[in-house]
Structures are given as structure tokens and as C-alpha cells.
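Structural description and commentary
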Amino acid sequence: MMILALDHVEKQYGQFSLDVSLNVQEGCVTGLIGQNGAGKSTTFKAILGLIFEDGGRVEIFGKPKEKLSLADRERIGVVLGESGFNEELTIPQVAGILKNFYGKFDRERFLSACRKSKLPEERRLKDFSTGMKARLKVLAATSYGAQLLILDEPTAGLDVVARDAVLDLLREYMEEEANRSILISSHISGDLEGLCDDLYMIYEGKIILHEDTDVLLGNYGLIKADEEQYRGLDKEYLLRVKRAGFGYECLTAHRDFYLENYPGLVVEKGTIDGVITMMTGGTEV
């Protein structure tokens, strides 16, 4: 079942132009990856109705976003990078606010989860570390039974330990109910390799690649060839090519083909960072 669908959602800001289509399936974690300024936050704001798009369609739970009921909206949990709670509040006060907004908010479950995450209940949020604030925002978004989480750069600015703590919370959220889904953006590819079922890559406002994470990590490869090797390559399965000091770097989605047919060729296993670099910096064959 399709939980979220974007069909050519467009937005123009000066020289920046957004045109995005993507889908999030029930029970899946979908990642939107790209460099800062690529259009990730603009896409999320369009989904949530925080900006007026210039064209296209957004559907959530099979309905146009404009026709979502209050009950539908309570099935969505949101974390945006620039948003947060008043810094003078304590966790019990945050719980009181959430209780007033969400009918299915579970106060005791939320407070218990905060204790498990070692968030001090009586300290004001201004005294929290950046990692603590990030965990609190995720715990708040998952405290009222939301079926869909929309998370814009939830691990930005965190150290490795804090990022792992946030990602563990998201894994626990997905394991609790089979029908839950997440759309998460990040420019830190390592955060998404072990979390996402599929990935969309956005560059200059356009989706330039959509692939299952397992396929990307298992089938993609980076070929390093000198001038002679490159001339002799079958280029049918090359996606991008870039000049390098030794000759050429080539991106392929058929790594095994080149390993089997060119035994002397250097064919490295694909990584998300490597694919991003080639898709944004290489040229089409």
C-alpha cells in the first residue's frame, strides 16, 4: 500500500527549481539523500503544507493532502531541523503540550521512553545537549501512534554516538508495528545504509536516482580504468564517467558483469557516497 506519493511536485525560488516525484510504501523506510541545498527541506515543506507548491500533487494515506482530516494528520509524526520546543520547558511540560494536541498521546509511555533514553525530566531543554534535543524530538514524534514519520535531517550536527541513539529509536519504532513507514532525509549517507529500504537521490531539485538500498550496495560498483582499459570497456552498463589522474572512474549498476568479463580491472564495491559523487560529478555515457 502506498502511504505517501509525490507526483512532479514543483516549486520555484529564484534560480532554484524543484521537481520531485517519489513514493513511500507501507512498512518501508525511504531515504532522501543529497547535498545541502539540493531540495530536501523544500520537498518536506511541500509535503507538510508549509509552502505552496507551484505544481504537482501530494497524496498521504491515499488522499490529497488538502483533504486530510484531523484524525489523518494525527497519524503523521514530524521532525524538522529548524523546529523544536520552547527551551524553557521541561519534559513533563512537553508531555502536557503533546497531550493537548494528540488524542492518542500516551504520557506514561513517553515519559518512560525519555527515562530509557536518559533524558533528565526536571532540567529545562536549554540545558540539554544537541543529542538530547534530537532524541526528544524523535520520541515526541513517535509518542502518539503515528503511522508515518517525516524526518528532515534528524541526525544533523550530532556526533556518532548521538546519531546511533536516534537511529536506534527509529528502528524500535518500525519494529513495533508492521504498517509503519518513514521518509527520512540526510546528507550523512552512513546513517541511512543500515536503516532505509530504498533511497532517492536528489540533486539541484531533481531526483536523479531511485534504488533499493540492497541493490545499490550489492550491485553497484566503481570502475577505475586507465586509458587503454577504458577504450576496451563494454560501455552498455556504465551510468556515469569521470576523468581521473590515472584515466577514468566509471559508475555501474552491474558490478558482477565487469568483474567476470574484465579480470584485470579494478572494480570497487559501490557505496552511497561513491554513487552520489559519480551521479553528481560524472557525465552520462
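So, here's what we can say about the structure. Since this is a predicted model, take the numbers as computed values, not measurements.

Attention now goes to the overall build of the protein. When helices and strands are tallied, the protein shows eleven helices and 15 strands. Referenced to the eigenvectors of the C-alpha coordinate spread, the extents of the protein come out at roughly 70 × 40 × 35 Å. Within the protein, the fraction of its 285 residues that count as buried is 49%. Considering only intrachain contacts with a sequence separation of at least 6, the fraction spanning at least 24 residues in the protein is 66%. Per element, the accessible surface of the protein, about 13,800 Å² overall, is 48% carbon and sulfur. Positive and negative side-chain charges of the protein, numbering 34 and 46 respectively, have mean locations separated by a distance of 6 Å.

Moving on to the pattern of salt bridges. Evaluated as defined, the whole model comprises 18 salt bridges. Lys133 serves as the salt-bridge partner of Glu87, at 3.1 Å between the closest nitrogen and oxygen. Remark: Lys133 occurs in helix H5 (residues 130–141) and Glu87 occurs in the loop between strand E6 (76–79) and helix H3 (91–101); sequence separation between them is 46 residues. A network of salt bridges, in which partner residues are shared, links Asp7, Arg57 and Glu59.

We now examine helix H1 (residues 40–48). Among the residues of H1, those classed as buried are Lys40, Thr42, Thr43, Phe44, Ala46 and Ile47. Gly49, located one to two residues past H1, shows a positive phi value of around 75 degrees.

Bringing the sheet that holds strand E11 (residues 221–225) into the picture now. Pairing is antiparallel across the open sheet formed by five strands, whose spatial order is E14-E11-E13-E12-E15. Only two strands of the sheet have a single partner each, and these edge strands are strand E14 (266–269) and strand E15 (283–284). With six bridges connecting them, strand E12 (residues 238–244) and strand E13 (residues 247–252) associate as antiparallel partners. Bridge pairing links Arg240 to Leu251 in E13.

Reading guide: rules and limits
- As a convention, each chain's residues are numbered from 1 in the sequence order in which they are written.
- The model is predicted, so local features are restricted to residues of pLDDT at least 70 and side-chain atom pairs to those at 80 or more, both for listing and for counting; the totals for chains, interfaces and linings are taken over all residues.
- Side-chain numbers here rest on the full set of heavy atoms in the structure, without hydrogens or water.
- Put simply, DSSP marks the helices as runs of H or I at least four residues long and the strands as runs of E at least two long, and each gets a number from the N terminus on.
- Any residue under 20% of the maximum accessible area for its type is buried, any over 50% is exposed, and the rest in between are partly exposed; the area is computed with a 1.4 Å probe on protein chains only.
- Contact between two residues is taken to exist if any of their heavy atoms lie within 4.5 Å; hydrogens are not considered.
- Every accessible area reported is derived by Shrake-Rupley at a probe size of 1.4 Å, with residue values counting cover from the shown protein chains alone.
- Charged residues are defined narrowly, with Lys and Arg counted positive, Asp and Glu counted negative, and His plus the chain ends left uncounted.
- Note that the charge is assigned to NZ on lysines, CZ on arginines, CG on aspartates and CD on glutamates.
- Salt bridge, as used here, is a side-chain nitrogen of Lys or Arg placed within 4 Å of a carboxyl oxygen of Asp or Glu.
- Paired strands are those between which DSSP finds at least two bridges.

Honestly, it's all geometry; don't read function into it.
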